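Take a look at the letters that make up each chain.
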Amino acid sequence: MTDSRNLTGQVALVTGATGGIGREIARRLGARGAHVVLTGRSRERGEETVAAVERAGGSAQFFRADLAAMATVRALAEEFRRRYDRLDVLVTNAGCSQDARQLTADGHELTLAVNHLAPYLLTHDLLDMLVETPDARIVATSSTVHSTGEIDFADLRLETDYEAFAAYARSKLANLLFTTELAVRVDIPVNAVHPGFVPGSGLYRHASLPTRAFMALAARLPVLSTSVSEAADPLVDLAVDPDADHTYFDRHDPTDPDPRVGDDRLREHLWNVSAALVDVDPDWP
């Protein structure tokens, strides 16, 4: 059962909130009284999501942001800090999966940039606000495919080989390694959630035609998939609960992630490499 506690007076930031799971999370947090700051690349879809939050009884503001660019991530954090004096909930939900290898303007492989480097940098830039806000919490959209991911630190741009699913799995392993290391370093709840296989999330909109066709079929077969509404449930539960603190959940169930996530040296190495890639001091927080 989804937690229904009231969030009046609280401020939530939800990335990737103009469709799919993120939009549903934003709508539900608004319905509980939170002011929801939401991000996405489409202004039209952002305004539609603001309207959906308002129809649910909440208030919202849209920031247009392409999180593939680290300068945009920094600008988002700066604008948020200029407008708000608290951050109760940070939901890092934005994600992508690309059929073909692409590099960002910063020279990063696109999937890694959006799924890992962007939440790493955004959390870095907003962490002091979270720490200063009583009962603040961080929730990340994760994936069980992290267990199949492999990180080759000598080829983070995937120059020697590229396969869309492998790139996505790598990014989710990196994201979970970061989330787990962050949970060790800070005294606020940091949780990551695998919401299920959600073909209706919009994650695969840039995938190949056969992949998109499969996702459209899977969305019609409940035995194969999780609906957007069902997938949002555990993320909302953690976003509203300041006491939940297990780090990784498979839907609603506290679960042990891939054993590599427990490797302190691997987590620290990724932390330091990520800091170098986004040009911040690795000695944080």
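For the chain, the name recorded in an unreviewed UniProt entry is SDR family NAD(P)-dependent oxidoreductase, with Halococcus dombrowskii as its organism.

(A) Focus on helix α1 (residues 20–31). With twelve residues, α1 extends 17 Å from end C-alpha to end C-alpha; this agrees with the ideal 16 Å at 1.5 Å per step. Among all positions in α1, only Ile21, Gly22, Glu24, Ile25, Ala26, Arg28, Leu29 and Gly30 are buried. Close packing links the buried residues of α1 with β1 (11–14), β2 (35–40), α2 (43–55), β4 (89–92) and α7 (228–240). Trailing α1 by a residue or two, glycine 33 shows a phi angle of about 105°, which is positive.

(B) Expanded view of the packing of aromatic side chains. What the rule picks out here adds up to seven aromatic pairs. Ring geometry for tyrosine 120 versus tryptophan 284: centroids 5.4 Å apart, planes at 85°, classification edge-to-face. Placement of tyrosine 120 in helix α4 (residues 110–132) and of tryptophan 284 in the segment after α8 (264–278) is noted, with a sequence separation of 164 residues between them. Take tryptophan 284: its relative accessible area is 6%, and that puts it in the buried class.

(C) Expanded view of the layout of surface pockets. Put simply, the second largest pocket is a space of about 210 Å³. In terms of lining, the second largest pocket is formed by 14 residues, of which the most central are Glu150, Leu158, Asp161, Ala166 and Arg170.

(D) Seen up close, the pattern of salt bridges. A full pass over the atoms with the stated rule returns 16 salt bridges. With a closest N to O distance of 2.6 Å, arginine 81 and aspartate 128 form a salt bridge. One end of the pair, arginine 81, is in helix α3 (residues 70–83); the other, aspartate 128, is in helix α4, with 47 residues separating them in the sequence. Take aspartate 128: its relative accessible area is 32%, and that puts it in the partly exposed class. One salt bridge connects arginine 251 with aspartate 250, and the closest N-O pair in it is separated by 2.9 Å. When its relative accessible area of 36% is taken as the criterion, arginine 251 is described as partly exposed. A single network of salt bridges, built from pairs that share partners, joins Glu24, Arg27, Arg28 and Asp233.

(E) Structural context of the packing of helix α5 (residues 164–185) against α8. Interhelical geometry of α5 versus α8 gives an angle of 100° and a closest axis separation of 9 Å. Relative to α8, the element α5 is oriented roughly perpendicular. Across the interface between the two elements, Ala174, Leu177, Phe178, Thr180, Glu181, Leu182, Val184 and Arg185 of α5 pack against Leu266, Arg267, Glu268, Leu270 and Trp271 of α8. Split by residue class, the contact of α5 with α8 holds eight nonpolar, one polar and four charged.

The rules we used
- Residues numbered from 1 in each chain as written.
- Predicted model: local features only at pLDDT ≥ 70, side-chain atom pairs only at ≥ 80, totals over all residues.
- Heavy atoms only, no water.
- Helix = DSSP H or I, 4+ residues; strand = E, 2+ residues; numbered from the N terminus.
- Expected span 1.5 Å × (residues − 1).
- Buried < 20%, exposed > 50% of the residue type's maximum accessible area, 1.4 Å probe, protein only.
- Contact = heavy atoms within 4.5 Å.
- Phe/Tyr/Trp six-rings, centres within 6.5 Å; stacked < 30°, edge-to-face > 60°.
- 1 Å grid on protein atoms, 1.4 Å probe; cavity = no way out; pocket = protein on both sides within 12 Å on 5 of 7 lines; lining within 4 Å.
- Points joined across faces, edges and corners; volume = space filled by probe spheres on them.
- Salt bridge = Lys/Arg side-chain N within 4 Å of Asp/Glu carboxyl O.
- Axes fitted to C-alpha atoms, helices over the stretch in contact; angles between N-to-C directions.
- Parallel < 35°, antiparallel > 145°, perpendicular 65-115°, else oblique.
- Nonpolar A, V, L, I, M, F, W, Y, C, P; charged D, E, K, R; others polar.

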